[in-house]
Amino acid sequence: MKYVIGIGGVTNGGKTTLTNKLIKTLPNCCVVHQDDFFKKPDQIEVGEDGFKQWDVITALDMEAMTDTVKGWVENPVKFARSHGVPLSSSSDVANPDEQTHILIVEGFLLYNDPQLLDVYDKCYYISIPYEECKRRRSTRQYTVPDPPGLFEGHVWPMYLKHRTEMEGSRLDIEYLDGLKCKEELYNQVYEDIQNNLLHRS
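Residues numbered from 1 in each chain as written. Predicted model: local features only at pLDDT ≥ 70, side-chain atom pairs only at ≥ 80, totals over all residues. Heavy atoms only, no water.

(A) Local environment of the packing of helix α4 (residues 130-139) against helix α5 (residues 150-167). Where α4 contacts α5, the axes come no closer than 12 Å and their chain directions differ by 115°. In terms of orientation, α4 and α5 fall into the roughly perpendicular class. In terms of crossing hand, the pair formed by α4 and α5 is right-handed. In contact with Tyr130, Cys133, Lys134 and Arg137 of α4, α5 contributes Leu150, Phe151, Glu152, Val155 and Trp156. Looking at the contact of α4 with α5 residue by residue, the classes come out as six nonpolar, no polar and three charged. (Axes fitted to C-alpha atoms, helices over the stretch in contact; angles between N-to-C directions. Helix = DSSP H or I, 4+ residues; strand = E, 2+ residues; numbered from the N terminus. Parallel < 35°, antiparallel > 145°, perpendicular 65-115°, else oblique. Left-handed = near helix turned anticlockwise from the far one by under 90°. Contact = heavy atoms within 4.5 Å. Nonpolar A, V, L, I, M, F, W, Y, C, P; charged D, E, K, R; others polar.)

Rendered as structure tokens:
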């Protein structure tokens, strides 16, 4: 059985933290991070707001990301092996092809690309309020540091725009409160995934 989970949400909402905890506890679990598909800085356009457009879908090589996700869908066992993900042997099912395989796709614009909308079995979306998001963002060290005013002038407005777009899609998205403690958020999602897998098996 194959099961694809999307963990989307606002910048600095806790997506990667949650994903990393889940990878450690879910069996045969691979991950695709959307941040790995950013284009090079010189390929990022400057928008009307005067900022480099990092927080839009065109800043990402979505073709490559879609190919990666579809590569997993076609052959999760081969994908896991080529990415160094150990396959569980403790299962009652000896044949890795017959085991449950999970893919987590994690990123800030997961539900805005039509190519990927059909792959998700479960969609989560973490949100946090403006002030908390700004506070967390200011404490992060980025390879390309945020210029002054980027958060207010580009990051947050783009987040609101994409969220509205996403809410207009036909996806069934479960919203998560990013202000909850990491452990509580993890437990909530982990239990939900386990229940969903039980109902499908």
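(B) Molecular detail of the nonpolar core. Met65, Leu103, Val105, Tyr111 and Tyr120 are the most contacted members of the largest nonpolar core, which totals 36 residues. Among the secondary structure elements, those contributing two or more residues to this core are β2 (29-33), α2 (62-74), α3 (76-82), β3 (101-106), β4 (122-127) and α5. The dominant element in this core, judged by the number of residues it contributes, is α5, at six residues. Once residues within four sequence positions are removed from consideration, Val105 is found in contact with Val4, Ile5, Gly6, Ile7, Val32, Met65, Val69, Leu110 and Tyr120. Counting 17 residues, the second-largest nonpolar core is a separate cluster that includes Ile7, Ile102, Leu185 and Val189. (Core = buried A, V, L, I, M, F, W, Y, C linked by side-chain atoms within 4.5 Å. Buried < 20%, exposed > 50% of the residue type's maximum accessible area, 1.4 Å probe, protein only.)

(C) Structural view of the packing of aromatic side chains. Scanning all chains against the criterion turns up nine aromatic pairs. Aromatic side chains Tyr111 and Tyr120 sit 5.3 Å apart centroid to centroid with 80° between the ring planes, which places their arrangement in the edge-to-face category. Here Tyr111 and Tyr120 have matching classes, each one buried. Each member of the aromatic cluster is reached from another via a ring pair, and the members are Tyr130, Phe151, Trp156 and Tyr159. The ring of Tyr186 has Lys21 sitting right over it, with the charged end atom 5.2 Å from the ring centre. (Phe/Tyr/Trp six-rings, centres within 6.5 Å; stacked < 30°, edge-to-face > 60°. Lys NZ or Arg CZ within 6 Å of the ring centre and 35° of its normal.)

Just distances and angles here, no functional claims.
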